[in-house]
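The chain contents come next:
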Amino acid sequence: MKSGSLWRLSARLRAIFAPFQMLIVTGTYWGDEGKGKIVDLLSAMYQYAIRFSGGAGAGHTLVTPGGQKFIGHLIPCGIARRVRCVLGRGVFSDLKRFCTELDVAKGVFGENLPPIWVDKYSPVWTQWHELLEKWLEYAMGKKRVQTTGKAIGPLAGLRILRAGIEVRHLYGDPRLLRQRLTGLYVALKPCFDEMVRLGIIRKKEVWGPSKVERELLEHAPRIERYVTDTASGLFKAFCHRARLLFEAAQAPGLDIDLGTWPYVSAGHSVAAGAPLGTGMPLRAFARAVVLMVMKALPTRVGAGPFPSEIWDRKKCEQFALDHPELFKDTPDRIKFLRVKRALINAGRATAKDWAQYFQVLGYELGATTGRGRSVGWMDIMWLHYVIRINGPRWFALTRFDMLSGLKYVPVVVGYKLDGKRLQPGDMPDTDDLYRVEPIIENWKCWDEDITGISDWKALPYSAKQFIWKLEKLVGVRILLIGTGPARHQIIVRSSAAKKKVQIAA
Ligand code: IMP
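About the criteria used
Residues numbered from 1 in each chain as written. Predicted model: local features only at pLDDT ≥ 70, side-chain atom pairs only at ≥ 80, totals over all residues. Heavy atoms only, no water. Helix = DSSP H or I, 4+ residues; strand = E, 2+ residues; numbered from the N terminus. Buried < 20%, exposed > 50% of the residue type's maximum accessible area, 1.4 Å probe, protein only. Contact = heavy atoms within 4.5 Å. Areas by Shrake-Rupley, 256 points an atom, 1.4 Å probe, with all protein chains shown as cover. Lys, Arg positive; Asp, Glu negative; His and termini not counted. Charge placed at Lys NZ, Arg CZ, Asp CG, Glu CD. Near = heavy atom within 4 Å. Polar contact = N/O pair within 3.5 Å; in protein donor to acceptor, adjacent residues only side chain to side chain. Nonpolar A, V, L, I, M, F, W, Y, C, P; charged D, E, K, R; others polar. Expected span 1.5 Å × (residues − 1). Disulfide = S-S within 2.5 Å. Domains from an automatic or database assignment. Axes fitted to C-alpha atoms, helices over the stretch in contact; angles between N-to-C directions. Left-handed = near helix turned anticlockwise from the far one by under 90°. Core = buried A, V, L, I, M, F, W, Y, C linked by side-chain atoms within 4.5 Å. Pairing = 2+ DSSP bridges. Salt bridge = Lys/Arg side-chain N within 4 Å of Asp/Glu carboxyl O. Phe/Tyr/Trp six-rings, centres within 6.5 Å; stacked < 30°, edge-to-face > 60°. Lys NZ or Arg CZ within 6 Å of the ring centre and 35° of its normal.

Quick look at the overall build of the protein now. Check the secondary structure of the protein and you find 16 helices and 18 strands. The buried share among the 505 residues of the protein stands at 58%. Considering only contacts within the protein whose residues lie at least 6 apart along the sequence, 76% involve residues at least 24 apart. Accessible surface, the protein as shown: approximately 21600 Å² in total, 54% of it carbon and sulfur. For the protein, the distance from the average site of its 75 positive side-chain charges to the average site of its 47 negative ones is 5 Å.

This part takes up the site of the ligand. Around the ligand, 18 residues are found, and the nearest of them are D32, T148, Q250, S265 and R371. For the ligand, a nitrogen atom lies 3.0 Å from a polar atom in the side chain of Q250. In this structure, R371 approaches the ligand through a side-chain N or O atom, which is 2.7 Å from an oxygen atom. In isolation the ligand has 470 Å² of accessible area, and contact with the protein removes 96% of it. Of the residues that constitute the shell around the ligand, the class distribution is 8 nonpolar, 8 polar and 2 charged.

Turning to the environment of F336, a few remarks are in order. Inspection of the secondary structure puts F336 in helix α11 (residues 331–345). Sequence separation of F336 and V360 is 24 residues, and the distance between their C-alpha atoms is 8.7 Å. Excluding residues that lie within four positions of it along the chain, F336 makes contacts with F319, L326, Q356 and V360.

We now examine helix α4 (residues 127–140). If you check α4, its first and last C-alpha atoms are 20 Å apart, about what 14 residues at 1.5 Å a residue would give, namely 20 Å. Taken as a whole, α4 has its buried residues at Q127, W128, H129, L131, L132, E133, W135 and E137. On the buried face of α4, the contacting elements are α5 (152–160), α6 (174–197) and α7 (209–224). Two residues or fewer after α4 comes G141, characterised by a positive phi angle close to 55°.

This next bit is on the state of the cysteines. Within the structure shown, the criterion is met by 0 disulfides. In this structure C77 is a free cysteine whose sulfur lies 8.7 Å from that of C85, the closest cysteine sulfur available.

On to the domain arrangement of the protein. We note that the domain assignment places domain 1 (21–120 + 229–295), domain 2 (127–222), domain 3 (299–303 + 376–498) and domain 4 (313–375) within the protein. The gap between the C-alpha centroids of domain 2 and domain 3 is 41 Å.

With that settled, consider the side chain of T483. Mapped onto the elements, T483 comes out in the loop between β17 (477–482) and β18 (490–492). Assessed through its relative accessible area of 0%, T483 is described here as buried. Of the polar contacts made by the side chain of T483, one reaches the backbone oxygen of I453; its length is 2.8 Å. If near-sequence neighbours (up to four positions away) are discounted, T483 is found in contact with D401, I450, T451, G452, I453, Q489, I490 and I491.

Attention shifts here to the packing of α4 against α6. Helix-helix packing: each pair is described by the crossing angle between the helix axes and the interaxial distance. Between α4 and α6, the shortest axis-to-axis distance is 10 Å and the interhelical angle comes to 35°. In this structure, α4 crosses over α6, and the sense of that crossing is left-handed. Contact residues: W128, H129, L131, L132, K134 and W135 in α4; L181, L184, Y185, L188, C191, F192, E194 and M195 in α6. The residue makeup of the contact of α4 with α6, split by class, is 11 nonpolar, 1 polar and 2 charged.

Right, let's talk about the nonpolar core for a bit. Here is a general trend for soluble globular proteins: nonpolar side chains tend to be buried in one another's company. Core analysis: the largest hydrophobic core is formed by 86 residues, its most contacted members being L244, F246, F358, F400, V409 and L470. Top element by residues in this core is helix α13 (residues 380–390). It accounts for 8 residues. Once you skip the residues sitting within four places of it in the chain, F358 turns out to touch L297, I310, E364, V375, W377, M402, L403, L406 and V409. Within the second largest apolar cluster, 69 residues are counted, among which are I75, L158, L184 and V492.

For helix α15 (residues 461–474), with 14 residues, the first-to-last C-alpha span of 20 Å sits near the 20 Å given by 1.5 Å per residue. Where α15 is concerned, the buried positions are S462, A463, K464, F466, I467, L470, E471 and V474. G475 sits one or two positions beyond α15 and adopts a positive phi of about 80°.

Strand order in the open sheet formed by 10 strands is β7-β6-β5-β2-β8-β1-β9-β13-β17-β18, and the pairing between neighbours is mixed. A single partner strand is all that each edge strand has here, and the edge strands are β7 (227–228) and β18. Across the sheet, α13 lies against β1 (22–26), β9 (288–295) and β13 (394–398), angled at about 160° from β9, the strand it touches most.

Right, let's talk about the pattern of salt bridges for a bit. This structure, assessed with the given rule, holds 26 salt bridges. D229 is the salt-bridge partner of R89, the closest N and O atoms lying 3.2 Å from each other. With a gap of 140 residues between them, R89 in the loop between β5 (84–87) and α3 (95–109) and D229 in the loop between β7 and α8 (230–239) connect regions that are remote in the sequence. R89 sits in the partly exposed class, given a relative accessible area of 28%. When its relative accessible area of 25% is taken as the criterion, D229 is described as partly exposed.

This part takes up the packing of aromatic side chains. Geometrically, a pair of aromatic rings is defined through the distance of the ring centres and the angle of the planes. Under the criterion given, the structure shown has 27 aromatic pairs. Centroid distance F358 to W377: 6.4 Å. Interplanar angle 90°. Geometry classified as edge-to-face. You can see F358 sitting in helix α12 (residues 351–361) and its partner W377 sitting in the loop between β11 (374–375) and β12 (378–379), a full 19 residues away along the chain. Summarising the burial analysis for this pair, F358 and W377 share the class buried. Considering the side-chain rings of W446 and F466, the 6.1 Å spacing of their centres and the 90° angle between planes classify their relative orientation as edge-to-face. Residue W446 is found in the loop between β16 (437–444) and α15, and its partner F466 is found in helix α15; the two are separated by 20 residues along the sequence. Looking at F466, the relative accessible area reads 3%, which means it is buried. One aromatic cluster is present, built from ring pairs that chain together Y29, W30, F306, W382 and Y385. Above the face of the W125 ring, R97 is positioned so that its terminal group lies 5.6 Å from the ring centre. Over the face of the ring belonging to Y363 we find R333, whose NZ or CZ atom lies 3.8 Å from the ring centre.

Right, dumping it as structure tokens:
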């Protein structure tokens, strides 16, 4: 892309976002929706990029203009724009993984990283949290959550039970640190003993308080320069008119309270998590705007309901394991996609063909776990729900290019439960969500490859109709349309920034 066009892109974004001192970016479905790319793009308009929830289980991918990939598990994706990166109070600190991520970031962005803040009151990961997660997953048997294994649930749970340590304890009175660690150990030891008895772990795998303490203190000096009271720092910055971008982890479907509990992560992934997870007063958010990042075809990993799921979760995971070559740029991949697309367009595709086509086309592998992601149709019912709980002004629709070359794509436009059609905005509970029957409509797609298009006018008419139809149904404007992984492969619809759509009934 010519630098002139890049400059025009930035200028348009600047004009759109200038009135909003604060921006909250959330996902829409169950994560992995391209928030990394959007945050990377929009951080240029802000001075702070702030994570407000989750921990190392999240994985936000961005591709630098030089083509290098960075997967941020803890560090916000604003890092590529050299803005101040903040791990707010709602983020669980995993010191070892944070250190590793610093090294990776240095490899990608150079030794001289932008300033980073880690909250001094943030709960700290220990080996025991991870063992406890293993125990819980074992105990829940078939009903296990299939977590990322980064102990997010135990970190949140023990925080609520008021056990464990905060980052600040590593730099305070050593006796207090030891007392708190010993308390946590004593509380959890019966679980560990039972795990040993059942042969889930070996006795020597359970560290004692001194070993856990030693491990933490090994990383503490490296992190010390980043540790601060982020809530106070952010408030001061806000008062000095600094521009703040808040980056949610995962997405509303995985929010602890508003997602598909218990098949959720353990933090707040909705926009309302931003004040709580940063300590910023609600009043400040009068100057905020919410942008939700939605991918054209949602995906889900782990357990939990997914009403618009195309095929089978386990089989999708296995397929990715069995065919790693299809997830790399190989001739096999190109051939596979051609064959599947031909089947789809001939009207002979099964659910398996559709799912595998999108799984391969979208490189749908978990950024943290490498698990194959299961793909679903766009789901208007789910969109109504998440719009209600997040109040977005706009959507960023990512991976729109994935629909190129198809005659049509099914879209879920309603749910039926026990034979009755639900109203938009109604959301059944988790158990009923497994039972809903999706009502499907086929939406027309287009022949032309739209990869890399950055001008709305250059989109095929059917692609524009697709966007208009979607906006009309959900009542929210689509401001950004992703047409590829790189920063500049995006359409900015300045006209959508101004006009409102009629809110659907
Ligand atoms: P946890 O966050 O490790 O506790 O995992 C809870 C659930 O959230 C599991 O189903 C995970 O697969 C899912 N999950 C956690 N982080 C992500 C993510 O970044 N993308 C997609 N799913 C995630």
